[in-house]
Amino acid sequence: MAFKFESLQIWNRSLDLSILIQEIAANFPNYEMYNLSNQIRRAADSVVLNIAEGSTGQTNPEFTRFLRYALRSAVEVVACLFIAKKKAYIDTIIFNKAYAEYEILCKMISKFEKSLK
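Residues numbered from 1 in each chain as written. Predicted model: local features only at pLDDT ≥ 70, side-chain atom pairs only at ≥ 80, totals over all residues. Heavy atoms only, no water.

## Points about the packing of aromatic side chains
Move 1: Here the structure, examined in full by the defined rule, presents eight aromatic pairs.
Move 2: An angle of 70° between the planes, with centres 5.6 Å apart, marks the rings of F63 and F112 as edge-to-face. Of this pair, F63 sits in helix α3 (residues 60-86) while F112 sits in helix α4 (residues 92-115); the two residues are 49 residues apart in sequence, bridging distant segments of the chain.
Move 3: Of the residues examined, F63 reaches a relative accessible area of 2% and is grouped as buried.
Move 4: Here the guanidinium or amino end of K85 rests over the ring plane of F95, the centre of that ring lying 5.3 Å away. (Phe/Tyr/Trp six-rings, centres within 6.5 Å; stacked < 30°, edge-to-face > 60°. Helix = DSSP H or I, 4+ residues; strand = E, 2+ residues; numbered from the N terminus. Buried < 20%, exposed > 50% of the residue type's maximum accessible area, 1.4 Å probe, protein only. Lys NZ or Arg CZ within 6 Å of the ring centre and 35° of its normal.)

This is how it looks when you write it as structure tokens:
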């Protein structure tokens, strides 16, 4: 593996979840293409990208900063899921699955961040 992030469980999990969010958002109404659909996709991708970018930093404090950005983006995905559920774009089963996966990811990111201190 050429890059440090490729071996990180949190990065691989966030990449898989980004694909899950892409699939979920594809079923949103067309009029949400530039609103909620775009927002949730960008937030999910942001988790992946911040972990990757942070892993290339020179110091653990710098990596920690990017992990915090990733965590915030993951929470943003969850907030978008709540909106999608409230607007009836997704059902409870899909919501619960994605919510549970992001809850696990957030815990993993937090634990990894603490290990860097």
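## With respect to the pattern of salt bridges
Move 1: Under the criterion given, the structure shown has four salt bridges.
Move 2: When the shortest N-O distance is used, the salt bridge between E113 and R68 registers 2.8 Å. Here E113 is found in helix α4, whereas its partner R68 is found in helix α3, with 45 residues between them in sequence.
Move 3: By relative accessible area, which is 38% here, R68 ends up partly exposed.
Move 4: Residues K107 and E103 are paired through a salt bridge, measuring 3.9 Å at the closest nitrogen-oxygen approach. Highlighted residues: K107 and E103, both in helix α4, separated by four residues, approximately one helical turn. (Salt bridge = Lys/Arg side-chain N within 4 Å of Asp/Glu carboxyl O.)

## Focus on the environment of A52
Move 1: As for its position among the elements, A52 is in helix α2 (residues 36-55).
Move 2: Each C-alpha atom of the pair A52 and W11 lies 7.0 Å from the other, and the pair is 41 residues apart in sequence.
Move 3: Not counting residues up to four positions away in its chain, the partners in contact with A52 are F5 and W11. (Contact = heavy atoms within 4.5 Å.)

## So, the side chain of E113
Move 1: According to the relative accessible area criterion, E113 is buried, its value standing at 9%.
Move 2: In this view, E113 contacts T64, L67 and R68; residues no more than four positions away in its chain are not counted.

## Brief notes about the packing of helix α1 (residues 9-25) against α4
Move 1: It is at 10 Å that the axes of α1 and α4 come closest, and there the two elements cross at 155°. Considering their axes alone, α1 and α4 lie roughly antiparallel with respect to each other. As α1 runs across α4, the sense of the crossing is left-handed. Of the residues in α4, those in contact with Q9, I10, R13, S14, L17, S18, L20, I21 and I24 of α1 are I94, K97, A98, E101, Y102, I104, L105, M108, I109 and F112.
Move 2: Classifying every residue of the contact of α1 with α4 gives 13 nonpolar, three polar and three charged. (Axes fitted to C-alpha atoms, helices over the stretch in contact; angles between N-to-C directions. Parallel < 35°, antiparallel > 145°, perpendicular 65-115°, else oblique. Left-handed = near helix turned anticlockwise from the far one by under 90°. Nonpolar A, V, L, I, M, F, W, Y, C, P; charged D, E, K, R; others polar.)

## So, α4
Move 1: With 24 residues, α4 ought to run about 34 Å at 1.5 Å a step, and its terminal C-alpha atoms sit 34 Å apart, in line with that.
Move 2: Residues F95, A98, Y102, L105, C106, I109 and E113 constitute the buried set of α4.
Move 3: Looking at the buried side of α4, the elements it contacts are α1, α2 and α3.
Move 4: Its side-chain oxygen placed 3.1 Å from the backbone nitrogen of I93, D91 serves as the N-cap of α4. (Expected span 1.5 Å × (residues − 1). Polar contact = N/O pair within 3.5 Å; in protein donor to acceptor, adjacent residues only side chain to side chain.)

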